[in-house]
Amino acid sequence: LKKIRVKLSSNAYNIYIGDGILKNTGTLLRKLIEGNRVMIVSNKNVYSRHGKALKTSLSKYFNVSVHLMPDGEKFKTLKTVEGIYNACAAGRLDRYSAIVALGGGVTGDTAGFAAATYMRGIPVVQVPTSLIAMSDAAIGGKTGVDIPAGKNLVGAFHQPLFVLMDINTLLTLPDEEYRNGLSEVIKHGIILDKRYFNFIKDNRVGILKREKNVVFRMVADSAAIKAGVVVSDEKEKNGKRALLNYGHTIGHAIEAEGGFSEYKHGQAIVLGMIAAANIALKTGFCDEKTVNEQIQVFNSFNLIKPLKNLKTANIIKRLYNDKKARNGQIRFVLTKEIGHAKFIKSVPNTIIKSELEKLYIGEAL
Ligand SMILES: NC(=O)c1ccc[n+]([C@@H]2O[C@H](COP(=O)([O-])OP(=O)(O)OC[C@H]3O[C@@H](n4cnc5c(N)ncnc54)[C@H](O)[C@@H]3O)[C@@H](O)[C@H]2O)c1
Ligand SMILES: [Zn+2]
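Residues numbered from 1 in each chain as written. Chains lettered and ligands numbered in written order. Predicted model: local features only at pLDDT ≥ 70, side-chain atom pairs only at ≥ 80, totals over all residues. Heavy atoms only, no water.

Engineer: For the pattern of salt bridges, give the residues involved together with the corresponding values.
Structural biologist: Throughout the structure, instances matching the rule amount to 16 salt bridges. Among the ionic pairs, glutamate 73 bridges to lysine 151, the shortest N-O distance being 3.8 Å. Of this pair, glutamate 73 sits in the loop between strand S4 (63–68) and helix H3 (78–90) while lysine 151 sits in strand S8 (residues 150–157), and the two are 78 residues apart along the sequence. Since its relative accessible area comes to 25%, lysine 151 is described here as partly exposed. Residues glutamate 355 and lysine 282 are paired through a salt bridge, measuring 2.9 Å at the closest nitrogen-oxygen approach. With a gap of 73 residues between them, glutamate 355 in helix H14 (residues 349–361) and lysine 282 in helix H11 (residues 265–282) connect regions that are remote in the sequence. Taking the relative accessible area as the measure of exposure, lysine 282 reaches 47% and is therefore partly exposed. (Salt bridge = Lys/Arg side-chain N within 4 Å of Asp/Glu carboxyl O. Helix = DSSP H or I, 4+ residues; strand = E, 2+ residues; numbered from the N terminus. Buried < 20%, exposed > 50% of the residue type's maximum accessible area, 1.4 Å probe, protein only.)

Right, dumping it as structure tokens:
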């Protein structure tokens, strides 16, 4: 069992990482809240596999209710949040109670937002079960939902009471979802930590086979990297947290242009990172070796799906509508060398366009 302390000045908390630790949740939570009621929010898919262990653990100390929300990004909505509110009321939760979110990033973001707003805020425990949620989404207190105008446009910062990652749950994660998570995990290495990047590169086989000791280290170190970023920039004010958006400017545009079905988030941001790497090269920000190192690792994990059927012009249009675009300038995170990314205020449009076009014919790959 590993414990990482997220040292925020006003709401510090622990992240626990281990194998088979769902059964410890009740004991950990008992020390942190006064009330006797908790509600698990999950979906059928995850709950049928891992719900029992969690519920048994919580039932030793609490009156436990369970609310299952529908599965999928398209249910990350205010309507689902309303369903959670009603379940909170039916379960008579109050500020001394807690919501325990069991699932991937969709569950964590939605249940976290419900917890942030029900009775102006009740405690939430994050129990992430996907690789994206463990390495990224469950840490840092960003919660929220989508509205038709865009992803994550409604939300709140609400730090969890603690985060509990049972790597055993990753064994039931579908391969496609696991790969999605690998894209974000590799991103952490590229932007902030060369040693971690090399660890991922050198442990390809163990990672793909999901060997427990390798997965444990992959998850624990990724969580530590994310936690470090959150501590240095809790509310995304000084640019440190924005580094996590590496590959996401173009990635989000590709994801949206593909109607959120043609490209999974992980696939889209891999293309975004490759384009960003080539933009960095073109603008003299990095050397060729830095670009090749990134492309090689994506290739070795088989994460690259070249662009097809989407129009460059439409992708570019979407870049300008991004919530991070300012005064018509598209801002990028670029990597100087592995482990060192920087926020760059603007990149000439001609370069963006030509690097984007290369993603189609695979010239950039
Ligand atoms: N809050 C943040 O800081 C933050 C950061 C990154 C991503 N996100 C959000 O996270 C979401 C993506 O997260 P995700 O990829 O986990 O998506 P997800 O929650 O939809 O999970 C992906 C799929 O895997 C299933 N699943 C999850 N764990 C499982 C397990 N152990 N066994 C079997 N199936 C399992 C889910 O039911 C779902 O079908 C997006 O909405 C994104 O905006 C938030
Ligand atoms: Zn992402």
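Engineer: Would you mind going over the environment of glutamate 211 in detail, with residue names and values included?
Structural biologist: Its place among the elements puts glutamate 211 in the loop between helix H8 (204–208) and helix H9 (212–232). Separated by 49 residues in the primary sequence, glutamate 211 and phenylalanine 260 place their C-alpha atoms 31 Å from one another.

Engineer: So what about the site of ligand 1? Which residues, and what values?
Structural biologist: The immediate surroundings of ligand 1 are formed by 25 residues, with Glu73, Gly105, Thr129, Ser130 and Thr172 found nearest. Lysine 76 places a polar side-chain atom, nitrogen or oxygen, 2.8 Å from an oxygen atom of ligand 1. Between ligand 1 and the protein, one listed contact pairs an oxygen atom with a side-chain N or O atom of lysine 151 at 3.5 Å. In isolation ligand 1 exposes 860 Å². Once the protein is present, 88% of that is buried. Listing elements by their share of the shell around ligand 1, those giving two or more residues are helix H2 (44–59), helix H4 (105–117), helix H5 (131–137) and S8. Across the shell around ligand 1, the residue classes tally to six nonpolar, 10 polar and nine charged. (Near = heavy atom within 4 Å. Polar contact = N/O pair within 3.5 Å; in protein donor to acceptor, adjacent residues only side chain to side chain. Areas by Shrake-Rupley, 256 points an atom, 1.4 Å probe, with all protein chains shown as cover. Nonpolar A, V, L, I, M, F, W, Y, C, P; charged D, E, K, R; others polar.)

Engineer: Which residues make up the coordination of the zinc ion (ligand 2), and what values do they have?
Structural biologist: Ideal donor angles around a metal are set by the shape: a four-donor tetrahedron calls for 109.5 degrees, a six-donor octahedron for 90 or 180 degrees. At this site the zinc ion (ligand 2) is bound by Glu184 (OE), His248 (NE2) and His265 (NE2), with donor distances of 1.9 to 2.1 Å. Taken in chain order, the donor set of the zinc ion (ligand 2) reads E-x63-H-x16-H. Linking histidine 248 in helix H10 (residues 248–257) with histidine 265 in helix H11, this pair joins segments that are 17 residues apart in sequence. Like histidine 265, histidine 248 is buried. (Donors = N, O, S within 2.8 Å, 3.2 Å for Na, K, Ca; no water.)

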